[in-house]
Amino acid sequence: MAADLRAYWAAEPAALIEALGSGPGGLSADAAAARRTAAAGLPASTAGGPRRLLLRQLQSPLVLILVAGASVSLVVREWVDAAIILAIVLGSVALGFLQEYRASRAVAALRSQLALRVRVVRDGREQVVPAPDVVPGDIVLLAAGNLVPGDGVVLEARDFLVVESSLTGESFPVEKRPGTVPESAPLTGRSNAVFLGTSVRSGTARVLLVRTGADTELGAIAGRLASAEPETAFARGIRQFGYLLLRVMLVMVVFVLVVNEWLGRPLLESLLFAMALAVGLSPELLPAIVSVTLSRGAREMARRGVIVARLEAIEDLGSMDVLCTDKTGTLTVGVLELEGAVGPDGQPDAGVLRLAALNARLETGIENPLDAAIVAAADRAGVDAAGITKVDEIPYDFIRKRLTIVVAGADAADAHLVITKGAFAEVLSGCTHVEQGGEARPLDAALRQQFEGVVRARGDEGCRVLALATRRIAARTRYGFADEAGMTFRGFLVFRDPPKPGAAAAIAALAAAGVRTKVITGDNRYVSAHLAREVGLDPAGMVTGNEIAAMRDEALWQRAEAADLFVEVDPQQKERIVRALQQRGHAVGYLGDGINDAPALRAADVGISVSGAVDVARESADVVLLGPDLDVLRMGVADGRHTFANTLKYIGITTSANFGNMVSMAMATPLLPFLPLAAKQILLNNFLSDVPSIFISSDRVDREQLVVPRQWRLREVRRFMLVFGLLSTVFDLATFAVLLLVFEAGEALFQTAWFVVSLLTELAVVLSLRTSVPCWRSVPSGPLLAATVLVGFLGMASPYLGGASALFGLVPLPAALAAAMALIVGAYLLATEVAKAWFFRRWSALY
């Protein structure tokens with residue numbers, strides 16, 4: 001009878017294997033390739049795909065306003081005005097689409113470097129393939145730290161614990177084992193099944209995949225999960241900024257419409273003017289500019305070895321003021337060396353080395369540098385495992401902090417040998433005897449204190465110490481945690497992992513940049529304190545895991561802020577420390593690469609991992625370092641601040657200039673016998689002034705803008721917009737006075753002169769307000785300067801382009817008037833520099 005793949009958890013594994021065309025040796029390569037071609041992946045990201053990007057441009061409220069204006073012009077047969085508006089719409093949409101599309105392609109290329117890989121059995125042998133390439137019928141091999149690549153059933157398992165919180169919300173791991181469960185079993189009751197997106201906490205398993213991609217349980221709810229992603233501080237700032245503009249826009253538009261109606265001006269002309277005013281106030285290229293700036297920052301960071309998995313994390317990285325990190329591989333060299341395998345008396349012991357080698361060689365759970373160092377030392381010493389066979393394994397977990405291997409052949413045929421290694425305190429707690437002189441003697445309190453002293457002394461020398469214990473036990477087939485008791489203490493394994501030569505300098509450099517480093521580790525207090533001193537941190541206020549367990553959250557808030565070193569902590573305590581620091585107002589980054597780091601990585605404002613991290617850590621991270629180096633991270637922080645500063649430049653410069661011009665037009669409307677600018681002139685002005693902004697992402701950032709963390713603050717953006725926008729309005733009103741009182745300008749001449757002045761002043765503030773220092777002391781990037789100058793020349797030439805000028809209602813300017821306008825622009829630039837110096841003395845820099 002064929003297995004029912006709809007309720008695969010209730011089917012016999014053999015029937016499932018047959019129904020899926022698989023076997024003990026897995027699928028053939030050809031069969032897997034054919035199924036991969038037909039497979040459906042998870043729903044695409046909301047940001048991906050050219051069609052989706054183009055649709056997002058067309059759905060912009062600003063574009064819709066312009067299209068509405070063009071439609072009104074078409075209805076009343078104003079063909080030229082309609083064509084101009086539609087041309088500007090198409091230009092803005094094309095510009096935004098091209099920039100965002102290039103940015104999305106660049107980011108996708110970077111993210112491809114982080115693609116997960118999965119161990120599968122195909123053609124009868126183990127292979128490693130990209131996670132998206134797995135298909136139904138594949139047999140995958142899972143171990144601690146892996147993410148599950150699809151939905152399937154467990155064929156074989158050993159102490160296999162899986163975290164399903166992404167699906168069920170349950171934070172505690174559940175054990176999975178082979179078998180069948182009733183068809184009616186809910187998701188949480190399917191103890192023989194694993195699901196896409198869950199992670200392996202401990203143990204190993206062989207799993208038959210039944211569903212992949214969109215057909216999985218995760219695929220069925222992917223849309224809901226995507227919409228439920230928490231809003232970042234950066235996205236929240238952009239949203240609040242949009243609300244601010246909307247309020248200002250509504251007030252201005254209503255005011256202009258009411259005044260024009262009161263003055264008896266044509267309704268169509270007033271409506272188009274009001275629409276143009278609304279669009280002119282808004283930075284319509286903001287989504288494109290943000291995407292381009294962030295993606296450019298991501299590319300620059302990638303060149304330095306920092307891959308950004310989530311673009312908004314660039315802002316979070318730049319605003320980070322506390323970095324929490326593990327020590328191994330980050331502050332230390334990361335290549336552990338077994339310095340010695342010694343007996344309880346502290347003397348080298350070949351027996352201890354052999355037992356440790358058996359444990360390390362036969363272990364199949366988490367790959368780790370400790371086992372690698374033991375195996376390397378055993379190979380050098382010629383230790384072999386002849387005549388030894390593995391019976392069972394009790395995998396490592398972060399509660400027990402020990403790993404046990406059970407072997408046969410090391411004693412009598414009717415007995416097995418339990419070999420346990422792990423953290424000193426946890427292994428010693430399971431011992432009742434100690435081997436001395438070839439005999440097992442009771443382990444009393446005095447000996448325990450003596451051994452504790454050995455660990456303390458070696459830790460003070462910078463060495464990491466594990467303990468080793470054994471137990472002879474009657475032979476059987478299965479073993480569990482209860483067998484890690486009544487053991488005999490056999491000795492110590494002493495490892496050395498010296499500090500990285502540049503670790504102290506990197507920590508000092510981060511401190512100079514306003515980022516305080518805190519070490520959070522599961523290692524013992526002695527070696528951790530030694531390392532802290534070596535790299536320039538203060539271990540005096542060290543907090544242990546036992547102390548954290550006894551603390552209320554409020555007490556931890558105080559201790560976490562004061563301490564630099566947290567030792568002997570478990571995964572949940574790491575997360576508590578991160579949340580305690582956040583509670584105190586810090587923007588927290590967390591750097592980790594292990595299974596035990598995943599909760600803290602998710603809780604941190606910016607999770608940071610390394611390319612060699614376990615799957616669950618790398619997938620939990622927002623930023624991935626190609627090398628575990630704090631100096632690389634320091635450069636990433638600088639790049640994050642650089643990118644964030646350039647994003648705020650566009651927002652601050654564009655909104656202040658636009659706000660000033662729109663206030664000027666709104667104020668001038670009731671005072672002039674004509675509109676200060678025609679709708680098409682407003683739109684052309686707005687479009688041209690936005691062109692240089694595309695190149696803001698390439699701009700240089702002053703050193704002063706990189707030395708402290710930056711965060712999005714709407715109040716500062718509003719203050720910046722008001723101060724420099726109203727300064728622009730003052731000069732606009734002065735321009736109006738000169739045009740009317742000195743040159744007695746009519747409608748066409750007035751509109752042309754102010755079109756040119758308005759455009760030139762907007763370009764001038766790009767060069768002035770891009771820096772908090774005098775503009776002549778800070779050189780803009782080549783592309784930004786070139787684009788600004790080019791558009792400036794185009795603006796000055798716009799009245800003299802014949803038919804093109806006439807289309808927009810522009811007329812040539814007399815020489816005297818042109819000279820007067822140039823003086824006004826120069827005076828405005830000088831006044832902006834003076835106001836800028838006052839503003840940045842009184843308030844902190846916006847960027």
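Above this note sits the structure.
Here the structure is a predicted model, which means the values were calculated and not measured. (Residues numbered from 1 in each chain as written. Predicted model: local features only at pLDDT ≥ 70, side-chain atom pairs only at ≥ 80, totals over all residues. Heavy atoms only, no water.)

1. As for the sheet that holds strand β21 (residues 588-591)
Within a sheet, each strand pairs with its neighbour through backbone hydrogen bonds, oriented either parallel or antiparallel. An order of β8-β23-β22-β21-β9-β18-β20-β19 is seen for the eight strands of this open sheet, with the pairing classed as mixed. Looking at which strands have only one partner, the edges of the open sheet turn out to be β8 (306-308) and β19 (543-544). Strand direction decides the pairing type here: β19 and strand β20 (residues 565-567), joined by two bridges, are parallel. Looking at β20, one finds that T544 is bridged to V567. (Pairing = 2+ DSSP bridges. Helix = DSSP H or I, 4+ residues; strand = E, 2+ residues; numbered from the N terminus.)

2. Description of a positive patch on the surface
Residues R247, R713, R715 and R718 make up a contiguous surface patch of positive charge. Relative to the helices and strands, R713 is located in the loop between α25 (679-690) and α26 (714-742). (Patch = residues over 30% accessible without salt bridge, like charges linked within 9 Å, V, L, I, M, F, W, Y side chains within 5 Å. Areas by Shrake-Rupley, 256 points an atom, 1.4 Å probe, with all protein chains shown as cover. Salt bridge = Lys/Arg side-chain N within 4 Å of Asp/Glu carboxyl O. Lys, Arg positive; Asp, Glu negative; His and termini not counted. Charge placed at Lys NZ, Arg CZ, Asp CG, Glu CD.)

3. Here we look at unusual backbone geometry
One non-glycine residue with positive phi stands out, namely K401, at about 55°. Considering the arrangement of structural elements, one finds K401 in the loop between β11 (389-394) and β12 (402-408). Taking relative accessible area as the criterion, K401 reaches 12% and is therefore assigned buried. Residue E568 is not a glycine yet carries a positive backbone phi of 55°. (Buried < 20%, exposed > 50% of the residue type's maximum accessible area, 1.4 Å probe, protein only.)

4. Details of the environment of F160
The residue F160 is located in strand β4 (residues 151-163) in this model. Between the alpha carbons of F160 and V200 there is a distance of 7.4 Å; along the sequence they are 40 residues apart. The contact partners of F160, leaving out residues within four places of it in the chain, are L142, V154, V174, E175, K176, V194, V200, S202, G203, T204 and A205. (Contact = heavy atoms within 4.5 Å.)

5. Remarks on the packing of aromatic side chains
Under the defined criterion, the tally for this structure stands at 13 aromatic pairs. Note on F489 and F492: the rings are 5.2 Å apart at their centroids and 70° apart in plane angle, and the pair reads as edge-to-face. In this structure F492 comes out as buried when scored by relative accessible area, which is 1%. Judged by centre distance (5.4 Å) and plane angle (65°), the rings of F674 and F750 are edge-to-face. With F674 in the loop between α24 (630-668) and α25 and F750 in helix α27 (residues 747-769), this residue pair connects regions lying 76 residues apart in the sequence. Judged by relative accessible area, F674 falls into the buried class, the value being 11%. Three or more aromatic residues link up through ring pairs in this structure, and these residues are F424, F451, F489 and F492. The ring of W9 carries R190 above its face, with NZ or CZ at 3.6 Å from the centroid. (Phe/Tyr/Trp six-rings, centres within 6.5 Å; stacked < 30°, edge-to-face > 60°. Lys NZ or Arg CZ within 6 Å of the ring centre and 35° of its normal.)

6. Concerning the nonpolar core
With 83 residues, the main nonpolar core has L323, F566, I608, L625 and L630 as its most contacted residues. Residue contacts for L630: discarding those within four places in its chain leaves L323, T330, L331, A506, I507, L510 and L591. Counting 59 residues, the second largest nonpolar core, distinct from the first, contains V248, V765, L784 and A820. (Core = buried A, V, L, I, M, F, W, Y, C linked by side-chain atoms within 4.5 Å.)

7. Describing the packing of α27 against helix α30 (residues 815-842)
The contact between α27 and α30 brings their axes to 10 Å, and the two run at 30°. Taken together, the axis directions place α27 and α30 in an arrangement best described as roughly parallel. α30 is crossed by α27, and the crossing has right-handed handedness. Residue-level inspection shows L749, A753, V757, L760, T761, A764, V765, S768 and L769 of α27 in contact with α30, the latter providing L817, M821, V825, Y828, L829, T832, E833 and K836. When its residues are assigned to classes, the contact of α27 with α30 shows twelve nonpolar, three polar and two charged. (Axes fitted to C-alpha atoms, helices over the stretch in contact; angles between N-to-C directions. Parallel < 35°, antiparallel > 145°, perpendicular 65-115°, else oblique. Left-handed = near helix turned anticlockwise from the far one by under 90°. Nonpolar A, V, L, I, M, F, W, Y, C, P; charged D, E, K, R; others polar.)

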